[in-house]
Amino acid sequence: QTDQEAHEIENECLGMAVLAISHYSLKTKIPLPELSKKLSYKKYIPENLNKTIRQRNFLTRIRINNVFKSFLNEFNIRTILDNSVSQHDLKVKYLSTLESLTKNYGAEVFETSRLLISSETERGELSENENSLYEVMVTGHAGIQWRCKPTAVVPEKEKSKSKKKKTESRLRRENEKNKQNLNEGW
């Protein structure tokens, strides 16, 4: 996980905390500005994110807290006070955000050189040759998906022996990057 991905997940979690606090405010009919004085966003984020935030320097923690309060206030003014959102809407948005954050958690990818695809009425087999490989991804979110495994193309000028090791190293890095971007091509 890169720093940018971690930052995006952190922001999404803080956004989900805004949704959860807003939902609680609508449910209990306590005005959001009053509720935000009583509750901390820390109660509404994952514990490991809370731990990460606690490890940051004091000024960063204050900045996160101020940005969160500002966003909560703006969300209250533009959405909650306008009655343009219901408790149900907030729940649906919360769950869809959670789903998008956890899309690749619990996913397993398998490589195979042959696929047997069957349905209730048809049965088919895919196996072109020994060089073609397939990837099968199994998730609780999207079920079973398959694709032809992407192949790395090596330019002609990089085929010399001295550059072969560099190419292999680059291909390994690209392969690791491809594993991180599982959703591409599925």
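In what follows, the accompanying structure is described. All of these numbers come straight from a predicted model, not from anything done at the bench.

Criteria and thresholds
- Residues numbered from 1 in each chain as written.
- Predicted model: local features only at pLDDT ≥ 70, side-chain atom pairs only at ≥ 80, totals over all residues.
- Heavy atoms only, no water.
- Pairing = 2+ DSSP bridges.
- Helix = DSSP H or I, 4+ residues; strand = E, 2+ residues; numbered from the N terminus.
- Axes fitted to C-alpha atoms, helices over the stretch in contact; angles between N-to-C directions.
- Buried < 20%, exposed > 50% of the residue type's maximum accessible area, 1.4 Å probe, protein only.
- Parallel < 35°, antiparallel > 145°, perpendicular 65-115°, else oblique.
- Left-handed = near helix turned anticlockwise from the far one by under 90°.
- Contact = heavy atoms within 4.5 Å.

## Things to note about the sheet that holds strand 1 (residues 108-112)
Within a beta sheet, neighbouring strands are joined by backbone hydrogen bonds and run either parallel or antiparallel to one another.
Next up, step 1: The strand order across the open sheet built from three strands is 1-4-5, with neighbouring strands paired in antiparallel fashion. Whereas interior strands pair on both sides, the edge strands pair on one side only; in this sheet they are strand 1 and strand 5 (143-148). Strand-to-strand twist in this sheet, taken as the mean axis angle between neighbours without regard to direction, amounts to 20°.

## Section: the environment of Val92
Next up, step 1: Along the chain, Val92 turns up in helix 5 (residues 87-101).
Next up, step 2: Val92 sits in the partly exposed class, given a relative accessible area of 43%.

## Re the packing of helix 1 (residues 3-28) against helix 4 (residues 58-80)
Next up, step 1: The interhelical angle for the contact between helix 1 and helix 4, taken along N-to-C directions, is 50°, at an axis separation of 10 Å. When the interaxial angle is binned, helix 1 and helix 4 end up oblique. Here helix 1 runs over helix 4; the crossing is right-handed. Between helix 1, through Glu10, Leu14, Ala17, Val18, Leu19, Ile21, Ser22 and Leu26, and helix 4, the contact on the second element is made entirely by Ile64, Phe68, Phe71, Leu72, Phe75 and Ile80.

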